[in-house]
Amino acid sequence: MNLEEFKKKSEEEIALAQKEVDDVKDENSLNLFKGKFLGKNSNLTSFFASMKTVPNEEKKDFGILLTNLKTKLNAFFQKKEEELKQIALNHRLEKERVDITLPGYQKELGSKHPFYAIVDDVTDFFLGLGYDVAEGPDVESDENNFELMNIPKDHPARDMQDSFSIDETTILRSHTSCVQARVMAVAKGQGPIKVICPGKVYRRDNDATHSHQFGQIEGLVISEDATFANLLETLTLLLRHLFGDKREVRFRPSFFPFTEPSVEADISCFECNGKGCSLCKHTGWIEILGSGMVNPNVLRLNGFDDKKYKGFAFGIGIDRVAMLKYGIDDIKRFYANDVNFIDQFRKE
Ligand code: PHE
């Protein structure tokens with residue numbers, strides 16, 4: 001092939017490629033185009049191969065033409081490749097376009113469980129009076145739960161709180177009073193102590209107002225001058241905070257092994273204002289918590305000098321307060337994981 005012939009062939013090749021590249025509409029046909037004009041079996045490749053038969057004096061011009069052909073063919077290919085990429089991108093952008101005028105997804109905010117609404121409310125109240133908050137584990141030693149609370153083994157008072165045993169020495173705590181023992185152990189006989197201890201407790205109980213699991217908030221004050229009057233005043237303030245300023249509070253003698261004297265507190269019924277209704281079982285009063293002066297035995301058992309220190313303690317049922325306050329009919333609702341139930345206590 002002489003130079004003239006090659007020039008003609010090369011121009012034909014360019015013209016053909018120009019025509020065919022216009023028909024390329026997708027990646028597939030682009031690959032076919034590439035194979036045909038730039039691939040192993042293309043004319044271009046065979047032109048390169050024929051270089052060796054070209055006489056030396058023509059090699060340079062031949063080479064220029066060949067390079068020019070290759071550049072042009074490559075340019076067709078690259079331009080089309082770019083074009084197709086752009087089309088694909090535009091297509092994607094169009095498809096993924098965000099319509100910013102559409103309403104957004106609504107994210108529902110949860111609401112506080114009524115159980116924790118009471119915990120938080122009572123905690124805030126006592127923080128305001130300068131108390132600390134202490135917590136203990138649900139799985140507790142028999143020693144903390146009973147013995148250090150002045151309830152020795154085989155003492156009939158253990159029957160007041162039929163508990164769940166884990167093994168000989170470990171139970172699910174039956175009250176939060178065991179946290180008293182933990183707090184006193186840390187204090188090492190040194191007062192004053194002013195704590196509340198919220199948490200879950202477990203007993204073998206099961207009816208509309210009792211569940212095997214419920215919550216208590218324990219209170220413990222130990223100081224050189226704590227008095228019974230302090231206890232009565234503290235609880236009166238708490239109960240009026242929870243149930244309203246108009247509530248009458250009454251204290252009845254009671255018995256707990258860890259307090260002496262022991263009292264239970266009642267509030268005048270907020271439903272009937274003391275006249276008598278089904279809520280207060282027609283007594284005009286609602287039983288609300290247990291309390292008393294810390295039994296000197298408990299002080300001694302927990303390393304405190306009972307001549308120097310006095311104390312008072314109380315325990316209030318979280319579920320019971322929530323049930324009364326919000327008019328909830330069954331304690332099981334607290335543990336049913338029902339969003340519709342919890343949602344009713346949403347404070348908008
Ligand atoms: N631990 C008692 C109970 O669970 C409540 C209580 C606590 C009573 C502290 C007196 C003092 O019934």
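Residues numbered from 1 in each chain as written. Predicted model: local features only at pLDDT ≥ 70, side-chain atom pairs only at ≥ 80, totals over all residues. Heavy atoms only, no water.

Draft legend 1. Spatial organisation of the overall build of the chain. Within the chain, the regular secondary structure consists of 11 helices and 10 strands. Computed over the C-alpha atoms, the radius of gyration of the chain is 43 Å, more than 25% above the 20 Å expected from 2.2 N^0.38 for a compact globule of 348 residues. If one aligns the C-alpha atoms of the chain with their principal axes, the spans along those axes are about 125 × 45 × 35 Å. Going through the 348 residues of the chain one by one, you find that 43% of them count as buried. Of the accessible surface of the chain, which amounts to about 20500 Å², a share of 51% is contributed by carbon and sulfur atoms. For the chain, the separation between the mean place of its 47 positive charges and that of its 56 negative charges on side chains is 5 Å. (Helix = DSSP H or I, 4+ residues; strand = E, 2+ residues; numbered from the N terminus. Rg over C-alpha atoms; globule rule 2.2 N^0.38 Å. Buried < 20%, exposed > 50% of the residue type's maximum accessible area, 1.4 Å probe, protein only. Areas by Shrake-Rupley, 256 points an atom, 1.4 Å probe, with all protein chains shown as cover. Lys, Arg positive; Asp, Glu negative; His and termini not counted. Charge placed at Lys NZ, Arg CZ, Asp CG, Glu CD.)

Draft legend 2. Region of the structure containing the side chain of D142. Tracing the chain through its elements places D142 in helix α6 (residues 142–145). D142 sits in the buried class, given a relative accessible area of 8%. Once residues lying within four places of it in the same chain are set aside, the contact partners of D142 are E147, K153, R158, T169 and T170. (Contact = heavy atoms within 4.5 Å.)

Draft legend 3. Local environment of the domain arrangement of the chain. Domain assignment breaks the chain into domain 1 (3–95) and domain 2 (114–343). For domain 1 and domain 2, the distance between their C-alpha centres works out to 90 Å. (Domains from an automatic or database assignment.)

Draft legend 4. Here's a closer look at helix α10 (residues 318–326). Every buried residue belonging to α10 is among I318, D319, V321, A322, M323 and L324, and all of these are buried. Those residues of α10 that are buried are in contact with α5 (114–128), β5 (193–202), β6 (213–223), α8 (228–243), β9 (285–294) and β10 (310–317). Looking one or two residues beyond α10, the residue adopting positive phi is G327, at roughly 65 degrees.

Draft legend 5. Structural view of the pattern of salt bridges. Under the definition given, this model contains 17 salt bridges. A salt bridge links K36 to E20; the shortest N-O distance between them is 2.7 Å. Remark: E20 occurs in helix α1 (residues 3–21) and K36 occurs in helix α2 (residues 27–38); sequence separation between them is 16 residues. Here E20 falls in the partly exposed class, since its relative accessible area comes to 24%. The partner of D142 in a salt bridge is K153, and the shortest N-O contact between them spans 3.7 Å. (Salt bridge = Lys/Arg side-chain N within 4 Å of Asp/Glu carboxyl O.)

Draft legend 6. Geometry of the packing of α1 against helix α4 (residues 56–95). At a minimum axis separation of 10 Å, α1 and α4 run at an interaxial angle of 0 degrees. Regarding the angle of α1 to α4, the classification is roughly parallel. Between α1, through L3, F6, K7, S10, E13, I14, A17, Q18 and V21, and α4, the contact on the second element is made entirely by E58, D61, F62, L65, L66, L69, K72, L73, F76 and K80. A per-class count over the contact of α1 with α4 returns 11 nonpolar, two polar and six charged. (Axes fitted to C-alpha atoms, helices over the stretch in contact; angles between N-to-C directions. Parallel < 35°, antiparallel > 145°, perpendicular 65-115°, else oblique. Nonpolar A, V, L, I, M, F, W, Y, C, P; charged D, E, K, R; others polar.)

Draft legend 7. Spotlight on the pairing of strand β8 (residues 259–268). Within β8, eight of the 10 residues are buried, which leaves it mostly tucked inside the rest of the structure. With seven bridges connecting them, strand β7 (residues 249–256) and β8 associate as antiparallel partners. What sits directly across from F256, in β8, is T259. For β8 and β9, the ladder comprises eight bridges, and the chain directions are antiparallel. Bridge assignment links V263 to a residue of β9, and that residue is S291. (Pairing = 2+ DSSP bridges.)

Draft legend 8. Quick peek at the packing of aromatic side chains. In this structure the tally under the stated criterion is 14 aromatic pairs. With 5.0 Å between their ring centres and 70 degrees between their planes, F115 and Y116 make a pair best called edge-to-face. Using a relative accessible area of 4% as the deciding quantity, one classes F115 as buried. Each ring, one from F243 and one from F270, has its centre 5.5 Å from the other, and the planes form 10 degrees; the classification is stacked. One end of the pair, F243, is in helix α8; the other, F270, is in the loop between β8 and β9, with 27 residues separating them in the sequence. Relative accessible area serves as the criterion here: at 10%, F243 is assigned to the buried category. Here a set of aromatic residues connected by ring pairs shows up, and it is made of Y326, F334, Y335, F341 and F345. (Phe/Tyr/Trp six-rings, centres within 6.5 Å; stacked < 30°, edge-to-face > 60°.)

Draft legend 9. Just the environment of F146, in detail. With respect to the helices and strands, F146 occurs in the loop between α6 and β3 (164–167). Separated by 65 residues in the primary sequence, F146 and E81 have C-alpha atoms spaced 83 Å apart. Apart from residues lying up to four places away in sequence, F146 is in contact with I151, R158, Q161, S163, I171 and S174.

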